[in-house]
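# Structural characterization, general
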Amino acid sequence: MTQDKSKYDAVVVGSGPNGLAAAVTLAQAGRKVLLIEGNRTIGGGMRSSDLTHSGCIHDICSAAHPLGIASPFFRSLDLAKYGLEWIQPPAPLAHPLDDGTAVLLEHSLDATIKNLGEDGRNYNKLMRPLVNNWDRLLPDILGPLHFPGHPLAFSRFGFTASQSAVYTIFKNFRTKQVKALFAGIAAHAKMPLDKPGTAAFGLLLGAAGHTGGWPIAKGGSCNIAAALTKYFIELGGEVRMGVEIHSLDEVPENKAVLLDITQKQLARIAGAQLPGSQKQKLEQHKYGAGVFKMDWVLDSPIPWKAADCLRAATVHIGGTFEEIAGAEDAVGKGEHPENPFVLLVQPSLFDNTRAPVGKHTVWAYCHVPNGSTFDMSDRIESQIERFAPGFRVRIRARSKMDTTAMQEDNPNYIGGDIAGGVTNPFSLFTMPKPYKTPLKGVYLCSSAMPPGAGVHGMCGYYSAKKALKERL
Ligand SMILES: Cc1cc2nc3c(=O)[nH]c(=O)nc-3n(C[C@H](O)[C@H](O)[C@H](O)COP(=O)(O)OP(=O)(O)OC[C@H]3O[C@@H](n4cnc5c(N)ncnc54)[C@H](O)[C@@H]3O)c2cc1C
C-alpha cells in the first residue's frame, strides 16, 4: 500500500465501535478519512453471523447495549436514520435463583425497589443519586480523567465506585436476592469482586438499566456497525475491508493515524519505529481474563423455572453472590470454575428477525483465565440447565469459541481478553497520556484507552478529538 498516492488527513485502522466513532468524528470535522479493517466484515466487536449454520443471526461479540444506548457520542448521532433500531425488552436484566424465583432489574427504579424487600431502601439509597444525575454524570464517567463538570455528584459516585463490589455488597445489602443481583452486574468487570473499582461496574451498569435500559439491536449488533458505517460514508469517508495492517509503513500517507488496537499489537505494528524501551513496555502490557463464548439454536424459548426470566433479554446465571464471587475469584487465580458465572442473552424472544419461526437463539459466555483452551461448554450448559431444566434437550445447534478462537476472530482479543487489557478503572483513568503513543501522529483509539471496554465509541471519540487538536 506504500504506492498509494492519495493523501488522507487521517487513517483509522480497525472498525470496532471505537474505530468507527473515531472515523465519524474526524469526518464530521471535515477531514478526509480512510478506515481500514483487517476482517472481511465491518464492526469488530459488533458483528453478527450465522455461527451455527442454521439460518439464524448470532451476535459474535456484543449482544446487550446498556453503554451503547447511554453513549453521549452515539446519542449525538441520528443512528435510527441509518437503520439502527434498539429493542427494549420489558426488563433490562433477570437473575434466577435456585428456589425457582428471579430477581429483576426493572427499567424503573421504583418498580425494582418494590420487589427487593428489606433491601429496597438500601438499593434506592445507592442508586438514586446516580440515576437522578445520570445525564450530568455520564460525560464525566465515560471519558478520560478530567476535572468533572459536576464535581459533587461525580465525587460521590467516584467514592463508592472506587470500592470493591464485595465491600459495597456487605455495606449495603442483607438479602441474598439483592446481593446476587449486584454481584452479577459487578462481575462484568471480569475481575475478582474483592478488587477495588469493581463496584463501579455494578453502579454504572445498574444505573444504565434504570435510565436507558439494556437494549439489543434489531437484526443483530452488526446493525450498530452498519449504521455508523453508512453515516461515515455519507460524510465522505472511505472504507477498505479485508486489509490487515502488519506495519505502519503499510498505512497510506496521512497526517494522523488512529489505531483501534491494543498495546501489544502496537508494539508489533510500530516495532521498527519505536525505541527499544518503549517497545518493551508495550509488549509487557497486561491482559485480563479471557472468555469462553457459546451460541445455541433451540426449538423453543429457554424453559426457565422462574418465568420472569422471559421478560429480560439478559440473564445472569451464577446463583448467589458467594458463588459468583467464588467463580470470578477462581478465574483470577488462573482456575476454571466448576460453576462459572454465565452472562446470557436471549435475543430472539424480542427480535423475530434473529431466527426462523419456531426457533430461538441464545448467546452466552463465561470468564476463563487468559489464554485458556479448556472447553467450558459442559459447565456452561449445566449452569443453564440448573435454572432451566430441559434446556439441553431443546438444543438444535451450538457453536463454541475458546480464547484461541476469539483471538483468531479478532486480533484485539489477546488471550481472549475482550476488554483490550486489564480493566482496572484506576490504571485506565490515571493513564498519563491517554490515546497518545510514543510516535508523533500515531494514536490509540481502542477500548485499551479510557473509558474502556463496551460498545459506546467514547474511546474513539476522545482519541479523534486529541488528533484533531494536535495534528489536524
Ligand atoms: C464475546 C463478547 C461479548 C461482548 N459483549 C458485550 C456486550 O454485550 N455489550 C457491550 O457493550 N460490549 C460487549 N463486548 C465488548 C465489546 O465488543 C468491546 O469492548 C468493543 O467491541 C471494543 O471496541 P474497539 O473498537 O475498541 O475494538 P474491537 O471492537 O475489537 O475492534 C477492533 C477492530 O480492529 C481490527 N483490527 C485489529 N488489528 C488490525 C490490523 N492490524 N489491521 C486491520 N484491522 C485490525 C479488528 O479486526 C476489529 O475489527 C463483548 C465482547 C465479546 C468478545
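Structure: above.
Now for a quick tour of the structure. (Residues numbered from 1 in each chain as written. Predicted model: local features only at pLDDT ≥ 70, side-chain atom pairs only at ≥ 80, totals over all residues. Heavy atoms only, no water.)

### A short note on the overall build of the protein
Helix and strand counts for the protein stand at 18 helices and 16 strands. Taken along the three principal axes of its C-alpha coordinates, the protein extends 65 × 50 × 45 Å. Residues counted as buried form 60% of the 472 residues belonging to the protein. In the protein, 74% of the contacts between residues at least 6 apart in sequence involve partners at least 24 apart. With the model as given, the accessible surface of the protein reaches about 18,000 Å², and the carbon-plus-sulfur share is 52%. Averaging the positions of the 49 positive and the 43 negative side-chain charges in the protein gives two centres separated by 6 Å. (Helix = DSSP H or I, 4+ residues; strand = E, 2+ residues; numbered from the N terminus. Buried < 20%, exposed > 50% of the residue type's maximum accessible area, 1.4 Å probe, protein only. Contact = heavy atoms within 4.5 Å. Areas by Shrake-Rupley, 256 points an atom, 1.4 Å probe, with all protein chains shown as cover. Lys, Arg positive; Asp, Glu negative; His and termini not counted. Charge placed at Lys NZ, Arg CZ, Asp CG, Glu CD.)

### Quick look at the sheet that holds strand β9 (residues 238-240)
The strand order β9-β2-β1-β10-β16 describes an open sheet built from five strands, whose pairing is parallel. Where the open sheet ends on each side, the last strands, each with one partner, are β9 and β16 (442-444). The mean angle between the axes of side-by-side strands here comes to 20 degrees, regardless of whether they run parallel or antiparallel. As defined by bridge partners, strand β10 (residues 254-259) adjoins β16 across three bridges and the pair is classed as parallel. Opposite Val-257, over in β16, you have Val-442 as the bridge partner. Lying on the sheet, helix α11 (residues 222-234) is in contact with β2 (33-36) and β9; it crosses β9 at an angle near 130 degrees. Along the sheet, helix α18 (residues 458-470) makes contact with β10 and β16, crossing β16 at roughly 160 degrees. (Pairing = 2+ DSSP bridges. Axes fitted to C-alpha atoms, helices over the stretch in contact; angles between N-to-C directions.)

### Overview of α18
Over its 13 residues, α18 extends 18 Å from the first C-alpha to the last, a length consistent with the 18 Å expected when each residue adds 1.5 Å. Those residues of α18 that fall on the buried side of the exposure criterion are Met-458, Cys-459, Gly-460, Ser-463, Ala-464, Ala-467 and Leu-468. Its buried side turned inward, α18 meets α1 (17-28), α3 (72-75), β10 and β16. (Expected span 1.5 Å × (residues − 1).)

### Looking at the pattern of salt bridges
In the structure shown here, the tally under the stated rule is 24 salt bridges. The closest approach of N and O atoms between Arg-47 and Asp-409, which form a salt bridge, is 2.6 Å. Within this pair, whereas Arg-47 is found in the loop between β2 and β3 (48-49), its partner Asp-409 is found in helix α16 (residues 403-409), the two being separated by 362 residues in sequence. A relative accessible area of 4% places Arg-47 in the buried class. (Salt bridge = Lys/Arg side-chain N within 4 Å of Asp/Glu carboxyl O.)

### Here we look at the packing of aromatic side chains
Enumeration over the complete set of coordinates arrives at ten aromatic pairs. An angle of 55 degrees between the planes, with centres 5.9 Å apart, marks the rings of Phe-173 and Phe-182 as tilted. On the basis of relative accessibility, which here comes to 1%, the residue Phe-173 falls in the buried class. Overall, the relative accessible area of 1% leaves Phe-182 in the buried class. Seen in terms of ring centroids, Tyr-461 and Tyr-462 are 5.1 Å apart; in terms of plane orientation they differ by 75 degrees. Their pairing is edge-to-face. Ring pairs connect the aromatic residues Phe-73, Phe-74, Tyr-461 and Tyr-462, which therefore count as one cluster. A cation over an aromatic ring shows up here: Lys-32 above the ring of Tyr-8, its NZ or CZ 5.1 Å from the ring centre. (Phe/Tyr/Trp six-rings, centres within 6.5 Å; stacked < 30°, edge-to-face > 60°. Lys NZ or Arg CZ within 6 Å of the ring centre and 35° of its normal.)

### Focus on the packing of helix α5 (residues 120-132) against helix α10 (residues 199-211)
Between α5 and α10, the shortest axis-to-axis distance is 9 Å and the interhelical angle comes to 70 degrees. Comparing the axis directions of α5 and α10 gives the class roughly perpendicular. Between α5 and α10, the contacting residues are Tyr-123, Leu-126, Met-127, Leu-130 and Val-131 on the first element and Gly-202, Leu-203, Leu-204, Gly-206, Ala-207, His-210 and Thr-211 on the second. In the contact of α5 with α10, the residues fall into eight nonpolar, four polar and no charged. (Parallel < 35°, antiparallel > 145°, perpendicular 65-115°, else oblique. Nonpolar A, V, L, I, M, F, W, Y, C, P; charged D, E, K, R; others polar.)

### Looking at the site of the ligand
Around the ligand there are 37 residues in total, and Glu-37, Gly-45, Ala-64, Asp-260 and Gly-454 lie nearest to it. At a separation of 2.7 Å, a nitrogen atom of the ligand approaches a polar backbone atom of Ala-64. One nitrogen or oxygen atom from the main chain of Gly-454 is found 2.7 Å from an oxygen atom belonging to the ligand. If the ligand stood free it would expose 1,000 Å²; the protein chains cover 95% of that surface. Those elements that place two or more of their residues in the shell around the ligand are α1, α12 (263-269) and β14 (360-368). The element that contributes the greatest number of residues to the shell around the ligand is α1, accounting for three residues. Taken together, the residues of the shell around the ligand sort by class into 18 nonpolar, 15 polar and four charged. (Near = heavy atom within 4 Å. Polar contact = N/O pair within 3.5 Å; in protein donor to acceptor, adjacent residues only side chain to side chain.)

### Remarks on the pairing of strand β13 (residues 342-345)
Alternating residues of β13 divide into Val-342 and Leu-344 and Leu-343 and Val-345, and every residue in both groups is buried. As defined by bridge partners, strand β12 (residues 312-317) adjoins β13 across four bridges and the pair is classed as antiparallel. Looking at the pairing, Ile-317 lines up with Val-342 of β13. Relative to β14, β13 runs antiparallel, the two being bridged by four bridges. Bridged to Leu-343 within β14 is Tyr-365.

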